[in-house]
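Understanding the architecture of this molecule
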Amino acid sequence: MAEKHNFGITPVTCHAVNGDRTGLAMSLNDHEVKIYKKSGAKWQETHSLGEHGQRVTGIDWASKSNRIVTCGADRNAYVWTLEGGNWKPHLVILRINRAATCVKWSPEENKFAVGSSARLISISYYEDEHKWWVSKHIRKPIRSTITCIDWHPNNTLIAAGSTDFKTRVFSGYVKEIESKPSSNTWGSKMTFANLMAEFSNGGGGWVHSVSFSPSGEKVAWVGHDSSVSVADSSMENKLSVIKDNFLPFMGLTWVTENSMVAAGFDCNPMVLCYDRAKGAVSLVSKLDIPQEKAAGTVSAMSHFRNMDKKASSGEKSAELKTQHQNTITQVSVFEGTKEKCKRVSTSGVDGSLIVWDLVSLEKSIQGLKIA
């Protein structure tokens with residue numbers, strides 16, 4: 001059902017895995033990036049990348065080219081390549097004056113996007129003439145820190161969430177390295193930095209995570225106002241929002257065309273579904289179902305013994321019944337694709353990384369439909 005790995009008591013800021021899931025890159029709330037290799041059922045540390053001067057805020061590992069991109073509060077980003085058994089850094093010219101907050105490779109891995117507190121998005125690509133990574137900026141109409149980004153499957157559009165409570169879709173087309181993109185449901189004008197769409201769910205929460213659906217027709221995001229929102233470009237950008245009795249989510253990813261996994265302050269990943277016909281988002285099930293004791297198994301003698309020894313009836317406990325013992329800050333596809341995800345990984349403030357098996361969960365949890 002779930003495979004749990006603990007890396008101590010330090011929060012996991014961000015993580016990423018390589019294409020065959022034998023390598024793991026992770027930041028433990030400091031300036032270093034730890035590289036682990038899968039050894040049996042455990043992860044063994046093989047490298048420590050310490051080029052950043054301040055806390056690492058984003059990591060992404062390209063599955064095809066095997067390059068790692070990192071960004072940090074030191075306003076820098078590095079592209080790491082494995083040469084002779086060692087990871088070599090290549091500085092990226094971001095041209096930002098505030099911390100970098102998130103980073104993501106494009107699907108074709110010929111460019112990547114970096115969000116920042118400088119109220120802009122840097123689209124970085126490799127310039128063969130000078131042999132370095134250069135950047136173009138998307139600025140308007142961004143009014144605050146970019147907190148999360150995700151690429152459209154067409155390698156051109158990019159979704160970004162920010163602390164001004166907005167989610168926006170921009171064109172990240174770079175004419176220097178790619179051919180002109182064709183039109184899609186988001187529009188036809190795709191010159192660099194063109195604003196394709198802008199959304200607000202009417203609440204007042206920072207956007208913590210954003211994700212394009214496998215087809216790219218829908219974009220979903222989670223906010224600090226305990227909301228999950230989906231905008232459908234095939235239905236004239238129709239907006240669907242759910243606010244339930246859950247705590248705010250911090251991470252989100254699609255796992256099929258109509259299903260998502262989100263996690264956050266509840267410490268429990270949850271599956272949500274989008275119904276296009278109804279235009280509604282609904283909560284399907286929690287992934288982490290605690291093993292409760294069967295009713296009636298606690299005898300009267302045990303009840304009074306607990307009261308005598310612990311001054312407690314045993315009915316209440318400060319310990320969480322979930323496998324994560326603190327806020328989950330990231331949810332990522334671990335195995336498979338957004339179209340058909342087999343496993344997702346979550347990491348958080350408790351220093352743990354947990355891999356959840358969606359295939360077995362689909363069979364064991366009543367009402368869970370991820371197909």
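Structure first, text after, so check above.
Below, the structure is looked at part by part. All of these numbers come straight from a predicted model, not from anything done at the bench.

This part is about the overall build of the protein chain. Within the protein chain, the regular secondary structure consists of 2 helices and 28 strands. Sorting the 371 residues of the protein chain into buried and exposed places 50% on the buried side. Accessible surface for the protein chain amounts to roughly 17,200 Å². Of this, 48% is attributable to carbon and sulfur atoms.

By the definition in use, this model includes 16 salt bridges. In this structure, Glu 32 engages Lys 34 in a salt bridge whose closest nitrogen and oxygen atoms are separated by 3.1 Å. For Glu 32, a relative accessible area of 22% translates into the label partly exposed. The closest approach of N and O atoms between Glu 176 and Lys 136, which form a salt bridge, is 3.0 Å. Of the two residues, Glu 176 sits in the loop between β16 (167–171) and β17 (195–199) while Lys 136 sits in strand β13 (residues 132–138), which places them 40 residues apart along the sequence. Note on Lys 136: relative accessible area 21%, which makes it partly exposed. In the salt-bridge network here, residues are joined through shared partners; they are Glu 3, Arg 21, Lys 38, Glu 335 and Arg 343.

With that settled, consider the sheet that holds strand β15 (residues 157–162). If you trace the 4 strands from one edge of the open sheet to the other, you get β14-β15-β16-β17, paired in antiparallel fashion. With partners counted over all chains shown, the strands left at the sheet margins are β14 (146–151) and β17, one partner each. Mean inter-strand twist for the sheet, computed between neighbouring axes without regard to direction, equals 20°. Direction of pairing for β16 relative to β17: antiparallel, over a ladder of 4 bridges. Considered in β17, the bridge of Thr 167 is made with Phe 199.

What counts and what doesn't
- Residues numbered from 1 in each chain as written.
- Predicted model: local features only at pLDDT ≥ 70, side-chain atom pairs only at ≥ 80, totals over all residues.
- Heavy atoms only, no water.
- Helix = DSSP H or I, 4+ residues; strand = E, 2+ residues; numbered from the N terminus.
- Buried < 20%, exposed > 50% of the residue type's maximum accessible area, 1.4 Å probe, protein only.
- Areas by Shrake-Rupley, 256 points an atom, 1.4 Å probe, with all protein chains shown as cover.
- Salt bridge = Lys/Arg side-chain N within 4 Å of Asp/Glu carboxyl O.
- Pairing = 2+ DSSP bridges.
- Axes fitted to C-alpha atoms, helices over the stretch in contact; angles between N-to-C directions.

Geometry only, nothing functional implied.
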